[in-house]
Amino acid sequence: ETGVTQSPTHLIKTRGQQVTLRCSSQSGHNTVSWYQQALGQGPQFIFQYYREEENGRGNFPPRFSGLQFPNYSSELNVNALELDDSALYLCASSFAGGHPISGANVLTFGAGSRLTVL
Amino acid sequence: AQSVTQLDSHVSVSEGTPVLLRCNYSSSYSPSLFWYVQHPNKGLQLLLKYTSAATLVKGINGFEAEFKKSETSFHLTKPSAHMSDAAEYFCVVILSASKIIFGSGTRLSIRP
């Protein structure tokens, strides 16, 4: 059983640029969620994808967008990068049995992509 | 409003002594509650979860947590701390697909 893998592990961008982060979900999982973890803080929920559609979103602006592919892998795209976007971005996969809204879903996390915006 | 509060940002205990990491939640109905641990440069790992079954939940590595609805608490405990327990711990509430809330974390240090 493969876990959740994220790429790249580290990257540096400049303000105003765009970035794409990638996530491969754990085998058998059909739901992916993304989180932003600033230094010294807890992860903040960005959004969740189920069956290739966004089905939940936290308090993040539209320049944070995503995709989920038929193989359940996912991308997080951030446009017009700002200095405050510097953070560890975490991806988590889970299995939703027929309905995406279930508090019983266990999230399996990747190790994260650390983004630095200069 | 729904929220999660971890009452201590840092807890330090001696090896072999009990651990208590406190978490309170605010919700208009019974949520699903989780504790995750984050070791440096590693992903978050599930310790245990509560999903309206038994109120005392046992997790991995000797950790357990008790759901107390009357106190809206879900504190994490371990009878005897080990050096390998040093990490950041997060209490998590999942209310729906758009309501996944992490606490601010508690850093656990273990003194030899």
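Quick caveat: nothing in here was measured; it's all calculated off a predicted structure.

1. Re the packing of aromatic side chains
Applying the stated criterion across every chain, the model contains 13 aromatic pairs over all chains. Between A:Phe109 and B:Phe102 the ring centres are 6.1 Å apart and the planes differ by 80°, which places this aromatic pair in the edge-to-face class. Within this pair, whereas A:Phe109 is found in strand S10 (residues 108–109), its partner B:Phe102 is found in strand S11 (residues 99–102), the two belonging to separate chains. Within the aromatic cluster, the residues linked to one another by ring pairs are A:Tyr35, A:Phe45, A:Phe109, B:Phe34, B:Tyr36, B:Phe90 and B:Phe102.

2. Comments concerning the state of the cysteines
By the definition in use, this model includes two disulfides over all chains. The disulfide partner of A:Cys23 is A:Cys91, and the S-S distance across this bridge is 1.8 Å. The disulfide joining A:Cys23 to A:Cys91 has a torsion of about -65° about its S-S bond and is therefore left-handed. Residue A:Cys23 is found in strand S3 (residues 19–24), and its partner A:Cys91 is found in strand S9 (residues 87–94); the two are separated by 68 residues along the sequence. In this structure A:Cys23 comes out as buried when scored by relative accessible area, which is 2%. Of the residues examined, A:Cys91 reaches a relative accessible area of 0% and is grouped as buried. The disulfide partner of B:Cys23 is B:Cys91, and the S-S distance across this bridge is 2.0 Å. Taking the torsion about the sulfur-sulfur bond, which here is approximately -65°, the covalent link between B:Cys23 and B:Cys91 counts as left-handed. Taken together, the positions of B:Cys23 in strand S4 (residues 23–26) and B:Cys91 in strand S10 (residues 87–96) put the pair 68 residues apart, joining distant regions of the chain. Here B:Cys23 matches B:Cys91 in class, with each residue buried.

3. What to know about the nonpolar core
With 28 residues, the main nonpolar core has B:Trp35, B:Leu48, B:Leu76 and B:Tyr89 as its most contacted residues. Sorting elements by how many residues they give to this core places S10(B) first, with five residues. Grouped together as the second largest cluster of nonpolar side chains are 20 residues, A:Val4, A:Leu21, A:Ala87 and A:Cys91 included.

4. Some words on the interface of chain A and chain B
Each partner contributes to the interface: chain A provides 22 residues, whereas chain B provides 19 residues. Interface area for chain A against chain B, summed over the two sides, is near 1600 Å², with a carbon-plus-sulfur share of 64%. Summed over the shared surface of chain A and chain B, the result is zero salt bridges. The tally of links between chain A and chain B comes to two residue pairs in polar contact (both at pLDDT 80 or more). Looking at the side of chain A that touches chain B, the elements that each hand over two or more residues are strand S4 (31–37), strand S5 (44–50), strand S6 (53–57) and S9 of chain A. Considering each element in turn, the side of chain A that touches chain B owes the most residues, three residues, to S6(A). Among the residues forming the side of chain A that touches chain B, the class breakdown is eleven nonpolar, ten polar and one charged.

5. What about the confidence of the model for chain B?
Chain-level statistics for chain B give a pLDDT mean of 91 and a share of 98% at 70 or above. When mean pLDDT is compared element by element in chain B, strand S3 (residues 19–21) of chain B scores highest at 98, while S11(B) scores lowest at 87.

6. Describing the sheet that holds strand S1 (residues 5–7) of chain A
Residues and elements named next belong to chain A. Judged by pairing direction, the sheet is antiparallel, and its four strands sit side by side in the order S1-S3-S8-S7 without closing on themselves. The open sheet has two free edges, formed respectively by S1 and strand S7 (64–68), since each of these has just one partner strand. Adjacent strand axes in the sheet meet at a mean angle of 20° when their direction is disregarded. Inspection of the sheet shows S1 paired to S3 by three bridges, in the antiparallel sense. Considered in S3, the bridge of Ser7 is made with Arg22.

7. Brief notes about the side chain of A:Gln6
All names here are of chain A. Along the polypeptide, Gln6 turns up in strand S1. One polar contact links the side chain of Gln6 to the main-chain carbonyl oxygen of Tyr89, over a distance of 2.9 Å. A distance of 3.0 Å separates a polar side-chain atom of Gln6 from the backbone nitrogen of Cys91. In this view, Gln6 contacts Arg22, Cys23, Trp34, Tyr89, Leu90, Cys91, Gly110, Ala111, Gly112 and Ser113; residues no more than four positions away in its chain are not counted.

Conventions and cut-offs
- Residues numbered from 1 in each chain as written.
- Chains lettered and ligands numbered in written order.
- Predicted model: local features only at pLDDT ≥ 70, side-chain atom pairs only at ≥ 80, totals over all residues.
- Heavy atoms only, no water.
- Phe/Tyr/Trp six-rings, centres within 6.5 Å; stacked < 30°, edge-to-face > 60°.
- Helix = DSSP H or I, 4+ residues; strand = E, 2+ residues; numbered from the N terminus.
- Disulfide = S-S within 2.5 Å.
- Buried < 20%, exposed > 50% of the residue type's maximum accessible area, 1.4 Å probe, protein only.
- Core = buried A, V, L, I, M, F, W, Y, C linked by side-chain atoms within 4.5 Å.
- Contact = heavy atoms within 4.5 Å.
- Buried area = accessible area lost by both parts, 1.4 Å probe.
- Salt bridge = Lys/Arg side-chain N within 4 Å of Asp/Glu carboxyl O.
- Polar contact = N/O pair within 3.5 Å; in protein donor to acceptor, adjacent residues only side chain to side chain.
- Nonpolar A, V, L, I, M, F, W, Y, C, P; charged D, E, K, R; others polar.
- pLDDT = per-residue confidence, 0-100.
- Pairing = 2+ DSSP bridges.
- Axes fitted to C-alpha atoms, helices over the stretch in contact; angles between N-to-C directions.

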